[in-house]
Amino acid sequence: MSFNDELQSAQQEATLALLTNIKEAAKESGKLNPGNQAEALKNLAEAYAWLTVPNNSH
């Protein structure tokens with residue numbers, strides 16, 4: 001496996017992990033106060049944006 005293949009695989013794994021965390025955070029949102037919920041989801045969304053479009057300023 002080449003370096004590029006390994007990098008792409010790692011990016012895909014990271015993206016899947018983030019999507020899983022976003023899904024779980026949405027399910028658990030009733031347990032958080034609204035401020036914490038919004039901050040947690042914002043952080044996950046920003047991390048996803050960095051992974052999917054790393055060249056844009058977020």
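Above this note sits the structure.
Thresholds, definitions, all that
- Residues numbered from 1 in each chain as written.
- Predicted model: local features only at pLDDT ≥ 70, side-chain atom pairs only at ≥ 80, totals over all residues.
- Heavy atoms only, no water.
- Helix = DSSP H or I, 4+ residues; strand = E, 2+ residues; numbered from the N terminus.
- Buried < 20%, exposed > 50% of the residue type's maximum accessible area, 1.4 Å probe, protein only.
- Lys, Arg positive; Asp, Glu negative; His and termini not counted.
- Charge placed at Lys NZ, Arg CZ, Asp CG, Glu CD.
- Polar contact = N/O pair within 3.5 Å; in protein donor to acceptor, adjacent residues only side chain to side chain.
- Contact = heavy atoms within 4.5 Å.
- Salt bridge = Lys/Arg side-chain N within 4 Å of Asp/Glu carboxyl O.
- Expected span 1.5 Å × (residues − 1).

K.L.:
Whenever I open this one, the overall build of the chain confuses me. Can you help?
P.N.:
Within the chain, the regular secondary structure consists of two helices and zero strands. Taken along its principal axes, the extent of the C-alpha atoms in the chain is 45 × 25 × 10 Å. By residue count, 9% of the 58 residues in the chain fall in the buried class. Treating the 4 positive side-chain charges of the chain as one cloud and the 7 negative ones as another, the clouds have centres 13 Å apart.

K.L.:
Any chance you could explain the side chain of T15 here in plain terms?
P.N.:
In this structure, T15 sits in helix α1 (residues 3-27). Classification of T15 as buried rests on a relative accessible area of 18%. Within the structure, T15 has its side chain in polar contact with the backbone oxygen of Q11 (distance 2.9 Å). Leaving out residues up to four positions away in the same chain, T15 has contacts with Y48 and L51.

K.L.:
Quick question: what am I supposed to make of the pattern of salt bridges here?
P.N.:
Proximity of charged atoms lets side chains of opposite charge pair with each other. All told, the structure shown has two salt bridges when counted by the stated rule. For E46, the salt bridge identified is with K42, shortest N-O distance 3.8 Å. Of this pair, E46 and K42 both sit in helix α2 (residues 34-52), four residues apart, roughly one helical turn. Accessibility expressed as a relative area gives 32% for E46, which makes it partly exposed. Several salt bridges converge on common partners, so that one network encompasses E39, K42 and E46.

K.L.:
For this particular structure, what's the right way to read α1?
P.N.:
A turn of α-helix holds 3.6 residues, and therefore any two residues three or four places apart point the same way. Taking 1.5 Å of rise per residue, 25 residues should cover 36 Å, and α1 covers 36 Å from first to last C-alpha, within 8% of that figure. Among all positions in α1, only T15, L18 and A25 are buried. Residues of α1 that are buried make contact with α2.

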